[in-house]
Amino acid sequence: MMLQIKAQLAENILGGILSIAPECGMDADGVLALMEYPPDAAMGDIAIPCFKLAKTLRRSPVQIADTLAPLVKGDAIDRAEAVNGYLNIYLSDAYLANAVIPEILEKKEQYGAPDMGHGKTVVLDYSSPNVAKPFHIGHLGTTVIGHSLKRLHEFAGYKCAGINYLGDWGTQFGKLIVAYNLWGDRATIEAGGVDELVKLYVKINNAISGNEAEGIAPNAELADQARAEFRKMEEGDPDNIALWKWFVQISLDEYQKTYKQLDITFDSYKGESFYTDKMPAQVQKLRDMGLMKIDDGASIVDLEEYGMPPCLILKRDGSTLYPTRDIAAAVYRKGEYNFDKCIYVTSNQQILHFQQWFKVVELMGYEWHKGLVHIPYGTVSINGAKLATRTGNVVLLKDLFAAAIEKVTEIMEEKNPALKGRADIAEAVGVGAIVFYYLSNNRIKDINFNMDDALSFDGNTGPYVQYTYARACSILEKAAAGDGYTVPSTITVTDPLEKDLCKVLSQYEERVRLALRDYEPSVITRYILDVATTFNRFYHDCAIFSAEDPAVKATRLALTEATKHVLGSAFGLICLRKTEKI
Ligand code: ARG
């Protein structure tokens, strides 16, 4: 809603600008880009820093503001003031409230959806753990950023396909097969799941590389055996293929538990192995186009001209590599989905990998290379939370979630001992706390996890915003149980805190667009905090049930309901579950 108000305002102000300087070449978008939200409502609801116009208009900022102020008019406008070269615009409370609140109550959680993806398809490649290796906190980023980007695109009307490009092929399986044949036991693995596989994997890696401290020498023979087993697997050896399938299934079963806690589903689990028979055609094309060079026996695409190291396509023994599979997978996906964009979410350690193979795809003449997008994120570390695992020095995602859930359960037992369905709520809040904390920062920043901060009920946290959502729900429930309430035909704003709430709710679509533009879920996380904080201030100061004027009471209930819808919708965009009660 704010977007429409701003667009109208921009036209209006443009008129003013052109009346002073008809030749200045300004347009409405240019004016729109100048608009700011002042940090303090005393400085208006929207402001234009006129020093940014000084050069174009060849006037001082003070002159510009003074000239424009009396020209700002419109239904949405209460008044405009020129203050020290700023044009401060105050919106009409009544206009704003009546433009925003009824629309939210009508559209509910669809309110704020930008209509920009209609008829377009986006493929998102995210989470994609490497089978039989630990699913650790490093994967939290790709999993929740990836899924949030999917939700955001869906919200904007894009048709989306979420792909879990499992790392289900590679030499690690050779190692695992050797380890299993040496030390494994079917029943133990069946009972213990992926943890047992990881144990075997850690054990064989230690045996291969040796451990100086423990006086274990490196064992090259085991490494050779592992390579041989993998080669057999590539050649289709039925025993090895059966083992491989079993390992993949066990790993998948485990990942599903974590995805379920996050309420995440995928449209496809086609992993790296799926592309085995799709690579030769692309390799041949590279060869035919003369793009490939032999370098020390390996086949590469030289990218020196583009300031990058070569992209490796085939090893000396002819086996394929990570980029080879990515190229084949992209070609396949273009055929399968005809995507407009294909988004890959991985840690920033893979930036070069994506730059390289995106370039190779471009050199191969695939026009759609322009739709390939890599979204990197920073590294995650943990301190403060003592989460040593059985598997050595990595922290598993499920252990992190389990610790959070346990802690939340303790807090809830204290705060609300009578709560029904506590286990489920504790899971939503515990997992939500981790997700929210993680998505509070710009994705590219490295983050250091602090469990106490993440789980606090009164900081800028997941529990805090989920608690706010629950508060809105319980107010509405109480209203329904009492006299009920009907949405008033006019929303009557009597308190500045009500206006603040209308204002923040009116900005939802703008934030969603920003999040999409920058592929940045943290924009939504911060928006949720803005809404929660504004609502809590309103709730604290504006009596709802004891309001004497029925119109005021009805307005406040309508504001509460609108807040509930916007929070609920925004929660969905960042994989945070809605909690009606806490
Ligand atoms: N399995 C990879 C890893 O864990 C991530 C895959 C990312 N997606 C891709 N198409 N390369 O590092």
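Below is a short write-up of the structure. Given the structure is predicted, the values throughout are model-derived calculations rather than measurements.

About the thresholds
Residues numbered from 1 in each chain as written. Predicted model: local features only at pLDDT ≥ 70, side-chain atom pairs only at ≥ 80, totals over all residues. Heavy atoms only, no water. Phe/Tyr/Trp six-rings, centres within 6.5 Å; stacked < 30°, edge-to-face > 60°. Buried < 20%, exposed > 50% of the residue type's maximum accessible area, 1.4 Å probe, protein only. Lys NZ or Arg CZ within 6 Å of the ring centre and 35° of its normal. 1 Å grid on protein atoms, 1.4 Å probe; cavity = no way out; pocket = protein on both sides within 12 Å on 5 of 7 lines; lining within 4 Å. Points joined across faces, edges and corners; volume = space filled by probe spheres on them. Helix = DSSP H or I, 4+ residues; strand = E, 2+ residues; numbered from the N terminus. Nonpolar A, V, L, I, M, F, W, Y, C, P; charged D, E, K, R; others polar. Contact = heavy atoms within 4.5 Å. Pairing = 2+ DSSP bridges. Axes fitted to C-alpha atoms, helices over the stretch in contact; angles between N-to-C directions. Parallel < 35°, antiparallel > 145°, perpendicular 65-115°, else oblique. Expected span 1.5 Å × (residues − 1). Core = buried A, V, L, I, M, F, W, Y, C linked by side-chain atoms within 4.5 Å. Near = heavy atom within 4 Å. Polar contact = N/O pair within 3.5 Å; in protein donor to acceptor, adjacent residues only side chain to side chain. Areas by Shrake-Rupley, 256 points an atom, 1.4 Å probe, with all protein chains shown as cover. Sits in = over half its atoms within 2 Å of the grid points. Salt bridge = Lys/Arg side-chain N within 4 Å of Asp/Glu carboxyl O.

### Remarks on the packing of aromatic side chains
Inspection of every chain in the model, using the stated rule, returns 29 aromatic pairs. A centroid spacing of 4.8 Å and a plane angle of 80° characterise the contact between tryptophan 357 and phenylalanine 358, whose relative ring orientation is edge-to-face. Accessibility assignment for this pair places tryptophan 357 and phenylalanine 358 in one class, buried. Through a chain of ring-to-ring contacts, the aromatic side chains of Tyr126, Phe135, Tyr255, Tyr259, Phe266 and Tyr269 assemble into a single cluster. Positioned above the aromatic ring of tyrosine 366 is the side chain of lysine 285, whose terminal nitrogen or guanidinium carbon lies 4.9 Å from the ring centre. Above the ring of phenylalanine 545, the side-chain terminus of lysine 478 is found at 4.3 Å from the ring centroid.

### Regarding the layout of surface pockets
Considered as a void within the structure, the largest pocket measures approximately 1,100 Å³ in volume. Along the wall of the largest pocket there are 44 residues; nearest its centre are Asn130, Lys133, Gln172, Glu272 and Tyr322. At the level of elements, helix H6 (138-155), helix H7 (171-183), helix H10 (220-234), helix H13 (322-337) and strand E9 (341-347) are the ones that each hand at least two residues to the lining of the largest pocket. For the lining of the largest pocket, the per-class residue count stands at 13 nonpolar, 20 polar and 11 charged.

### Regarding the environment of lysine 232
On the secondary structure map, lysine 232 appears in helix H10. Residue lysine 232 is classed as partly exposed on the basis of its relative accessible area, which comes to 35%. Along the backbone, lysine 232 and aspartate 40 are 192 residues apart, and their C-alpha atoms lie at a distance of 68 Å. Discounting chain neighbours no more than four positions away, the residues touching lysine 232 are Asp237 and Asn240.

### Some details on the sheet that holds E9
On the basis of which strands lie adjacent, the open sheet formed by 4 strands has the order E5-E4-E9-E10 and parallel pairing. Lying at the two open borders of the sheet, with one neighbouring strand each, are strand E5 (159-163) and strand E10 (372-377). Within this sheet the neighbouring strands show an average axis-to-axis angle of 20°, counted without direction. Where E9 meets E10, 6 bridges bridge the pair, whose relative direction is parallel.

### Things to note about the packing of H7 against helix H9 (residues 194-209)
Between H7 and H9, the least distance of the axes is 9 Å, while the angle of their chain directions is 100°. Compared by their axis directions, H7 and H9 come out roughly perpendicular. Across the interface between the two elements, Gln172, Lys175, Leu176, Val178, Ala179, Tyr180 and Trp183 of H7 pack against Leu197, Leu200, Tyr201, Lys203, Ile204, Asn205, Ala207 and Ile208 of H9. Tallied by class, the residues present in the contact of H7 with H9 amount to 11 nonpolar, 2 polar and 2 charged.

### A short note on the sheet that holds strand E2 (residues 77-83)
Spatial strand order, E1-E3-E2: 3 strands in an open sheet with antiparallel pairing. Sheet topology places strand E1 (46-49) and E2 at the edges, where each strand pairs with a single neighbour. Pairwise comparison of adjacent strand axes, ignoring direction, gives a mean angle of 15° for this sheet. Of the pairings in the sheet, the one linking E1 to strand E3 (residues 86-91) comprises 4 bridges and is antiparallel in character.

### Re helix H1 (residues 2-20)
For H1, built from 19 residues, the straight-helix expectation of 27 Å at 1.5 Å per residue is met to within 8% by its first-to-last C-alpha distance of 27 Å. All of the buried residues along H1 are Met2, Ile5, Lys6, Leu9, Ala10, Ile13, Leu14, Gly16, Ile17 and Ile20.

### A word on the nonpolar core
Residues Ile13, Leu87, Ile101, Tyr438 and Phe449 are the most contacted members of the largest nonpolar core, which totals 166 residues. The residues touching isoleucine 101, leaving out its near neighbours within four places in the chain, are Ile491, Cys502, Leu505, Ala558, Leu559 and Ala562. One finds Tyr344, Phe354, Val360 and Leu372 within the second-largest nonpolar core, a separate group that totals 26 residues.

### Observations concerning the site of the ligand
All residues adjacent to the ligand are Asp125, Ser128, Asn130, Tyr165, Tyr322, Asp326, Tyr344, Thr346, Gln350 and Phe354. Side-chain polar atom of aspartate 125 to a nitrogen atom of the ligand: 2.9 Å apart, as the coordinates give it. Here aspartate 326 contributes a side-chain N or O atom positioned 2.7 Å from a nitrogen atom of the ligand. Protein burial of the ligand: of its 350 Å² of free accessible surface, 88% is covered by the chains. Applying the majority rule of atoms within 2 Å of the grid points places the ligand in the largest pocket. The class makeup of the residues in the shell around the ligand is 4 nonpolar, 4 polar and 2 charged.

### Looking at the pattern of salt bridges
Counting across every chain of the model gives 32 salt bridges. A salt bridge links aspartate 45 to lysine 499, with the shortest nitrogen-to-oxygen separation between them at 2.8 Å. Residue aspartate 45 is located in the loop between helix H2 (28-34) and E1, and its partner lysine 499 is located in helix H19 (residues 496-506); the two are separated by 454 residues in the primary sequence. Per residue, the accessibility class of aspartate 45 equals that of lysine 499, and both read buried.

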